[in-house]
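For reference, the chains in residue letters:
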Amino acid sequence: MSRHHGPDRSLRHAVRLARVLLSSQYALMLEFRAEIVLWALSGVLPLIMLGLWSGTGVASIPGFTPQRLVHYFLAAFVVRQFTIVWVIHAFEEDALQGRLSPALLQPLNPFWRYLAAHVSEQATRLPFVLAIVALVALVHPAALWWPTPAGLLLALLATHLAFLVRFVIQSALTMLCFWSERAAALERLLLIPYLFLSGLVAPLEAFPEPMRSFALNTPFPWMVWFPAQLLSGGTVPVARGFGVLAAWGLLFLPIAVLLWRAGLRRYSAMGA
Amino acid sequence: MARPAPELLRYLRTLRRFWAASLAAELEYQANFVLELLAVSANLAGSLFTLSLFYGHGHDLGGWSWDAALVVLGLYTLLDGLTTTLLQPNLSTIVTHVRTGTLDFVLLKPIDSQFWLSARTFSPWGLPGLAAGAVLVVVAAVRAGARPDALHLVAAALLLVASALILYSLWFVLAATSIWFVKVWNATEVLRSALVAGRYPVSAYPAGLRLFFTVVLPVAFLTTVPAEAILGRASPLWVVSSLLVAAVALLISRWFWGFALRFYTSASS
């Protein structure tokens, strides 16, 4: 359709669409703010691990002082909060409850709505994450730091990119819902290496050598460790990080699109 | 009032029927078994790897040897299996019963409603976790050189029951709050993520967190205290306080359910 309107009209259309989607989803998410607070609280793992490492362990991580450790895990907590993806669960429920069929009638891929829901949920989460960080600062004034403007900008970019990559990979997995009832179980399985290799339980610097190289060849550390190091002022290979994230995103995007088309054919073939 | 013995028998017989029926239903999905086995193995491998990061450089966690810490990890795996087998499949349905009003039917049954809600189904998919946890506990305890005498074994068994009861009570109280807050299901996710702290001996945490994990959220009683008993070094004070905490937690869950039910007004009202 937009082809007939020329680039200017279609851009304006996209902007208006995004504004409507985001504002309606944000209003929806505000309704669930108590739930979102609980969700945010369930991301306490980096803070628990901080407690463990701050004992004797910190001396064994090359390049880390106790203070750097606090910064790292606090940054990992924040990064995790803004890279949480739940599209597979939303899609599974929508498909199960029959809400997918009406959504398919609209002239918009339902995944744009899920994306808007995720972004709005992050906006709802923001004040709460700030409150937790403020609380930590109250207990531990030395725990806070000022990231350099460049570091902050790069960390913001890396966090958003990590979120998008996770969203794309999980969307590809979500498409398996068309064929199997076990797609969500696969996602839970994929969450396990993410948990242990992403840097949520320990900065990658604490990994012994063959393991660290192995982890760095998976997408997981680039989704938490990389943005968290950028935010907390550590040294990381910046170009490689963005390159790896972009590569994984670009690898899974066509897979997700192809599976979506194949899945839709199957969905309508079932007579739904 | 029925005499206690036949009453108990009736509950045991009902329990057998419940679990046989849910087992038959669950076995329709055998692919789950492979997935669960993979998940348990991957989780154990990840936990072992994380532990090895602490021990790899000649450090230890709160004065626990590697093998002793593995007993704690084994107990955590065991309790996680229990959660998957019983707590999660049963207690996660309370919120649905409240939302759709089917809690009415549960309350009308000639059986204790807390019992029905807590034991109605049984998911065999937690069994790999239970088995892996039990094996890890035994192997690690033997490697740690534990020679517990009969008294310590009895204490360990009692403490295991106590830790299971504490875990159950925590879950049940949180799940029961769905009488007021239909959206409360996430609260059990918070609980589950905080209980991850129980993978490691509680003495490994700094003083403030240690106090929190003993007094506020009794993680210490879930894994560390039973592990001490298995390793043959339980102190009577900890054993008694663990049993006391379990009894109080169970009573609170019992009282809380009665209290919550007073506010239950069925779905339409």
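Described below are features of the structure shown in this document. (Residues numbered from 1 in each chain as written. Chains lettered and ligands numbered in written order. Predicted model: local features only at pLDDT ≥ 70, side-chain atom pairs only at ≥ 80, totals over all residues. Heavy atoms only, no water.)

Quick look at the pattern of salt bridges
When their charged atoms lie close together, side chains carrying opposite charge are able to pair.
Residues and elements named next belong to chain B.
Here comes step 1: Counted by the stated rule, this structure contains nine salt bridges over all chains.
Here comes step 2: Between Asp-112 and Arg-254 there is a salt bridge, with the nearest N and O atoms lying 2.6 Å from each other. A residue pair is termed long-range when its members are at least 10 positions apart, and Asp-112 in the loop between α5 (103-108) and α6 (113-119) and Arg-254 in helix α12 (residues 236-261) qualify at 142 residues.
Here comes step 3: By relative accessible area, which is 23% here, Asp-112 ends up partly exposed.
Here comes step 4: Under the relative-accessibility criterion, Arg-254 is labelled partly exposed at 43%. (Salt bridge = Lys/Arg side-chain N within 4 Å of Asp/Glu carboxyl O. Helix = DSSP H or I, 4+ residues; strand = E, 2+ residues; numbered from the N terminus. Buried < 20%, exposed > 50% of the residue type's maximum accessible area, 1.4 Å probe, protein only.)

Examining the nonpolar core
Here comes step 1: A:Met49, A:Trp53 and B:Val71 are the most contacted members of the largest nonpolar core, which has 122 residues in total.
Here comes step 2: Ranked by the residues each element gives to this core, the list is headed by helix α3 (residues 66-91) of chain B, at twelve residues.
Here comes step 3: Those residues within four positions of A:Trp53 in sequence are excluded, and the remaining contacts are A:Val58, A:Ser60, A:Ile61, A:Leu69, A:Phe73, A:Val201, A:Ala202, A:Ala206, B:Leu53 and B:Phe54.
Here comes step 4: Counting 23 residues, the second-largest nonpolar core is a separate cluster that includes A:Trp86, A:Tyr114, A:Ala117 and A:Trp260. (Core = buried A, V, L, I, M, F, W, Y, C linked by side-chain atoms within 4.5 Å. Contact = heavy atoms within 4.5 Å.)

Re a nonpolar patch on the surface
Here comes step 1: On the surface, a cluster of nonpolar side chains totalling about 350 Å² of accessible area is made up of B:Phe33, B:Val34, B:Leu37 and B:Leu38.
Here comes step 2: Looking at the element boundaries, B:Phe33 is found in helix α2 (residues 31-55). (Patch = residues over 30% accessible without salt bridge, like charges linked within 9 Å, V, L, I, M, F, W, Y side chains within 5 Å. Areas by Shrake-Rupley, 256 points an atom, 1.4 Å probe, with all protein chains shown as cover.)

Structural notes on the interface of chain B and chain A
Here comes step 1: Contacts between the two partners involve 32 residues from chain B and, on the opposite side, 30 residues from chain A.
Here comes step 2: Roughly 2,700 Å² is buried in total at the junction of chain B and chain A, and carbon and sulfur atoms are behind 74% of that figure.
Here comes step 3: At the junction of chain B and chain A, the tally comes to zero salt bridges.
Here comes step 4: There are one residue pair in polar contact (both at pLDDT 80 or more) connecting chain B and chain A.
Here comes step 5: Taken together, the elements giving at least two residues each to the side of chain B that touches chain A come down to α2 and α9 (185-195) of chain B.
Here comes step 6: The biggest single contributor to the side of chain B that touches chain A is α2(B), with twelve residues.
Here comes step 7: Across the side of chain B that touches chain A, the residue classes tally to 19 nonpolar, nine polar and four charged. (Buried area = accessible area lost by both parts, 1.4 Å probe. Polar contact = N/O pair within 3.5 Å; in protein donor to acceptor, adjacent residues only side chain to side chain. Nonpolar A, V, L, I, M, F, W, Y, C, P; charged D, E, K, R; others polar.)

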